[in-house]
Amino acid sequence: VVKEKNRMGECPVWEERENALVYVDINSQKVCRWSPLTNEVQSVPVDARVGSVALRQCGGYVIALGTRFAFLDWDTQVVTTILELEQDKPNNRFNDGKVDPKGRFFAGTMAEETAPGVRARRQGALYTLFPDHSVIKQLDQVDISNGLDWSLDHRTFFHIDSLAYAVHAFSYDEHTGKIACPKLLYRLEKEEQMPDGMCTDAEGKLWVACIDGGRVIRIDPETGKRIQTVRLPASRITSCCFGGKDYSEMYVTSAYDGLDETTLAKEPQAGEIFKITGLGVKGIPQAFYAA
């Protein structure tokens, strides 16, 4: 549905109030918004790689870029820094993020590659930005903090550390925002490759984007089993969310960075954004950052 290619499209969020899909292109350092009505993509450039974007209750967005949390005013294109983190790790940057059921913004970091396929291990962390702008560190020694979401009863937090090739479930305290007691939920099969972004549907099942696996998979967190696979015409599938007027459509982002010329020739749609219909299941609206 979005033909404008992204180097590293990520973190799609459906914004009901704008009837639009908001997402980031990490490597092009921009936050984008696509309207299905006009088919137009608008974008706001930022001064660092931007890992995630989330809706803000009072309008505009909260973003995680470089190693800082910030607000983005869409109309003025002004970015206001809230807090700088990890200033001792110049090679780190924020990656995926999402707002929890109580309006806190969870986002994690990772080390950038220093050469193709080479990165320092266990340099990342997972943070929570509270509505009063205070921050806590939830996890340490993470490789690539990635997809995240919550169970429908708000008792479980799901998180992906991509290089663990697995989805983990944590107990989650809705009142404090704290997570604890990680356990392995699902380990990806070889052909599924590496897990990236993730979302939940209205039945409480998880959808995981498989980067280099060219698919999204649906996992039942009760059984830890994969129950559905949807293949896409691009291999570097990065993230997914539900949207549309009744949240019955799934939007899937992809990337073309990391593909050689031969692969790019075979994948003319690499970097585009896809819409999957007919899944027979709906999603739920995204929470707003409560400040």
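Within every chain, residues take consecutive numbers counted from 1 along the sequence as written. Only residues with pLDDT of 70 or above have their local features reported here, since the model is predicted, and side-chain atom pairs are shown and tallied only from 80 upward, although totals for entire chains, interfaces and linings are computed over all residues. Values reported for side chains reflect all heavy atoms of the structure, with hydrogen atoms and water molecules removed beforehand.

J.: What should I look at first to understand the pattern of salt bridges in this one?
T.: Side-chain pairs of opposite charge can arise whenever the charged atoms involved come near each other. When a carboxyl oxygen of Asp or Glu is within 4 Å of a side-chain nitrogen of Lys or Arg, the pair counts as a salt bridge. Applying the stated criterion to the full structure yields 20 salt bridges. Residues glutamate 203 and arginine 218 are paired through a salt bridge, measuring 2.7 Å at the closest nitrogen-oxygen approach. One end of the pair, glutamate 203, is in the loop between β17 (194–200) and β18 (206–211); the other, arginine 218, is in strand β19 (residues 215–220), and 15 residues separate them in sequence. Each residue is assigned to one of three classes by its accessible area relative to the maximum for its type, calculated with a 1.4 Å probe on protein chains only: buried under 20%, partly exposed between the two thresholds, exposed over 50%. Residue class for arginine 218 comes out buried when judged on its relative accessible area of 10%. For glutamate 249, the salt bridge identified is with lysine 275, shortest N-O distance 3.6 Å. Here lysine 275 lies in strand β23 (residues 274–276) and glutamate 249 lies in strand β22 (residues 249–254), a separation of 26 residues in the sequence. Three or more residues are tied together by salt bridges with common partners; here these are Glu15, Arg17, Glu18 and Arg33. Strands here mean DSSP runs of E at least two residues long; helices mean DSSP runs of H or I at least four residues long; both are numbered from the N terminus.

J.: Would you mind showing me how to read the UniProt feature "active site" (unreviewed entry) in the chain here?
T.: Annotation from UniProt places "active site" (unreviewed entry) at Asp196. Residue contacts are defined here by distance: any two heavy atoms, one from each residue, within 4.5 Å place the two residues in contact. Filtering out sequence-adjacent residues up to four positions away, aspartate 196 remains in contact with Glu10, Asn146, Gly147, Ile160, Ser162, Val208, Ala209, Ile211, Ile237 and Thr238. UniProt positions are given in the numbering used here, feature names are shortened, and annotations may be inferred rather than shown by experiment.

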